[in-house]
Amino acid sequence: MLKPASLEWRQIPWERALAAASPDVAGPLEKALAGTDLGMEEGLVLATVEGNDLVALVKVADEIRRRVVGDRITYVVNRNLNFTNVCIVGCAFCGFSRGPDSPDAYFHSTDTLVAKSVEAVELGATEVCIQGGLPKDLDGYYYVELLRAIKARLPDLHVHAYSPMEITYGVEKTRLPLREYMQMLKDAGLNSIPGTAAEILDDQVRRSLSPNKLKVRQWIEVVRTAHGLGIPSTSTMMYGHTELPEHWVRHLLLLREIQKETHGFTEFVPLGFIHSQTKLFQKGGARAGHSVHEDLIVHALSRILLNGYIPNIQVSWVKLGFEDSLACLEAGANDFGGTLMEESISKAAGANFGEYVSPGEFRALIRTIGRIPCERATSYQIRKVFEHADAEERLPPERIPIFDSTPSQAPAPSMGY
Ligand code: SF4
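Residues numbered from 1 in each chain as written. Predicted model: local features only at pLDDT ≥ 70, side-chain atom pairs only at ≥ 80, totals over all residues. Heavy atoms only, no water.

Student: How would you explain helix α12 (residues 245-262) if you had to name every residue and give the values?
Tutor: Taking 1.5 Å as the rise per residue, α12 with 18 residues should run 26 Å; its terminal C-alpha atoms sit 26 Å apart, in good agreement. Looking only at α12, the buried set comprises His247, Trp248, Val249, His251, Leu252, Leu253, Leu255, Arg256, Ile258, Gln259 and Thr262. On its buried side, α12 packs onto α4 (40-47), α10 (203-209), α11 (216-228), β5 (233-239), β6 (265-272) and α14 (292-306). Immediately beyond the C-terminal end of α12, within one or two residues, lies His263, with a positive phi of roughly 55°. (Helix = DSSP H or I, 4+ residues; strand = E, 2+ residues; numbered from the N terminus. Expected span 1.5 Å × (residues − 1). Buried < 20%, exposed > 50% of the residue type's maximum accessible area, 1.4 Å probe, protein only. Contact = heavy atoms within 4.5 Å.)

Written out as C-alpha cells, the structure is:
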C-alpha cells in the first residue's frame, strides 16, 4: 500500500513505473498519454489498481498533469461563509446540519455576513464562498438579497455561492423557472457556483445517502443552466462511503460529457467522506471514510479520465490533511484550493483546530514537493507567481491531518457535501 509520506514512489520516473505495470493497466495508460479519451471499461481497470499498477497510475496522472497545466500549484485566498447550519434535508452523511432548536444552531445576519466579507477583503481575499443549510422557513429571495447586500458594499469581490441544492430550493420557494431564478442571481452579482451536492451522481447511491436530496437530473439541469448563462461552476464527487469504483468512473465520465458540451467547469474537486460524526457511519451504513489508497486512485483517475477537458484538479486539504494533499498533488492534482479564512477567527480565539491555512503556509507546503506556488483568482487567472521563497513562508504547525477522530479534538464539522 502506498504511504503518502514515503518518498520511494514519488521519485520513480513515470516511464519506469509504466514499464513495470501489468499489460491490462499499461494499455489504457498509454492511450491516455496519447490523448485518447478512455471509456467505462478502461476506467474500471484503472479504478481498482494495486501495487505497481497503482504506482503507474499515479505517475502517469502526474505526467499528464504536467503536460496539461505545468508545474505550478495554485491556490485562492478566500473565505467560507456558512450562513446557517439549520437544515431540513437530513443527509445521513452530514455532520454539519442542526435542527432549528438545537443549542448550537445559528443563522448569521446579513450585516454580519457583509462585515465578514469586508474583513476578508481587508485580509487579502479575492473570493467569498457562500453555502448554508436549508431552513424550513427560508425566504426564496434570501439568496438574491444576500448577494445584493454584499455586492453593494464590495462590487469587485468574486462571490462563489449556492450549491445546486440551494438553487433548487430557491426555485421551489419562489416558483420561478430555473433559468429566470438563476438570471436573477447573476444580475444580483453571482459570479460562479460550487458544484457541490453532487455526492455520487447515481440516483440509487443518492437514495441511500439522502432520499430528500436533489436527483441527478436536477443537478445536471442546474449546472447546465448556470453554464448556459455564463455562470461557471466547480464540479465535485464525495467518495469513501457506500459507493463502488464503478460509481467513480460513471461520475467522471458524466462530468466529462457535460464539460464537452458547456465548457463551464473550472475544476474538479474530489471530496473524501469524513465519517466519524455522521449518522451514516454511526449506524453502520458506510465504510470508515476515505483511505489514502482511494485518495490517490481518485485524484489520479480524475486527471486521466477528465483528460484535460476539466484542466484543474483540486485537493480538499480540509478533508485530506496536508500530507495526503501533497501526495495527491503528485498524483494528478494541481490546485490546493482556498485558504478558507472563516475559521481563522475561532483559531485566534483558542480553538484546537481552524479551517485556515495562510497563503505563506500554502506556499511553504508546495515548495516541499519542488513545485511553484501561484495565487490565482477563482477563474484560475494567475494573480502572482512566487518563484522564490519569501519571509511569510513557513510550514504550518501540523503537517499531518488536521482531522482526528477523537471527538474532543475534531474540528467543527464543515458542510457535508
Ligand atoms: S449536506 Fe447540506 S443539504 Fe444535506 S443535511 Fe447537510 S447542510 Fe443540509
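Moving on from the model shown.
Student: Mind laying out the environment of Gly140, listing which residues take part and the relevant values?
Tutor: Residue position: Gly140 is located in the loop between β3 (127-131) and α7 (142-153). Sequence separation between Gly140 and Tyr169 is 29 residues; the distance between their C-alpha atoms is 7.4 Å.

Student: Let's hear about the sheet that holds strand β8 (residues 335-338): which residues, and what values?
Tutor: Reading across the sheet, the four strands line up as β8-β1-β9-β10 and stay open at both edges, with mixed pairing between neighbours. Taken across any chain shown, the strands that pair with only one partner, and hence form the sheet edges, are β8 and β10 (382-385). Adjacent strand axes in the sheet meet at a mean angle of 25°, parallel and antiparallel pairs treated alike. Bridge count for strand β1 (residues 72-76) against strand β9 (residues 372-376) is four bridges, and the pairing is parallel. Counted as the bridge partner of Tyr75 is Glu375 from β9. (Pairing = 2+ DSSP bridges. Axes fitted to C-alpha atoms, helices over the stretch in contact; angles between N-to-C directions.)

Student: Describe the pairing of β10, and please don't skip the residues or the numbers.
Tutor: Pairing of β9 with β10 involves three bridges; the strand directions are antiparallel. Directly across from Arg376, in β10, lies its bridge partner Ile382. Where β9 hands over to β10, the hairpin turn is made up of five residues, of which Tyr380 adopts a positive phi near 80°.

Student: Could you give an account of helix α5 (residues 51-69), naming the residues involved and the relevant values?
Tutor: The terminal C-alpha atoms of α5, which comprises 19 residues, lie 27 Å apart, in line with the 27 Å expected from a rise of 1.5 Å per residue. Gly70 sits one or two residues past α5 and shows a positive phi near 80°.

Student: With reference to specific residues and values, describe the packing of aromatic side chains.
Tutor: For the coordinates displayed, the defined rule picks out 11 aromatic pairs. Arranged with centres 6.0 Å apart and planes meeting at 50°, the rings of Phe83 and Phe107 form a pair that is tilted. Residue Phe83 is found in the loop between β2 (78-82) and α6 (110-122), and its partner Phe107 is found in the loop between β2 and α6; the two are separated by 24 residues along the sequence. With centroids separated by 6.2 Å and ring planes inclined at 85°, the aromatic side chains of Trp317 and Phe362 adopt a geometry described as edge-to-face. One end of the pair, Trp317, is in helix α15 (residues 317-320); the other, Phe362, is in helix α18 (residues 359-367), with 45 residues separating them in the sequence. The exposure classification of Trp317 matches that of Phe362, with both residues buried. Members of the aromatic cluster, joined through ring pairs, are Tyr75, Trp317, Phe322, Phe336 and Phe362. Positioned over the ring face of Phe386 is Arg363, at 3.9 Å from the centre of the ring. One residue, Arg376, lies across the ring of Tyr380, its end atom 3.9 Å from the ring centre. (Phe/Tyr/Trp six-rings, centres within 6.5 Å; stacked < 30°, edge-to-face > 60°. Lys NZ or Arg CZ within 6 Å of the ring centre and 35° of its normal.)

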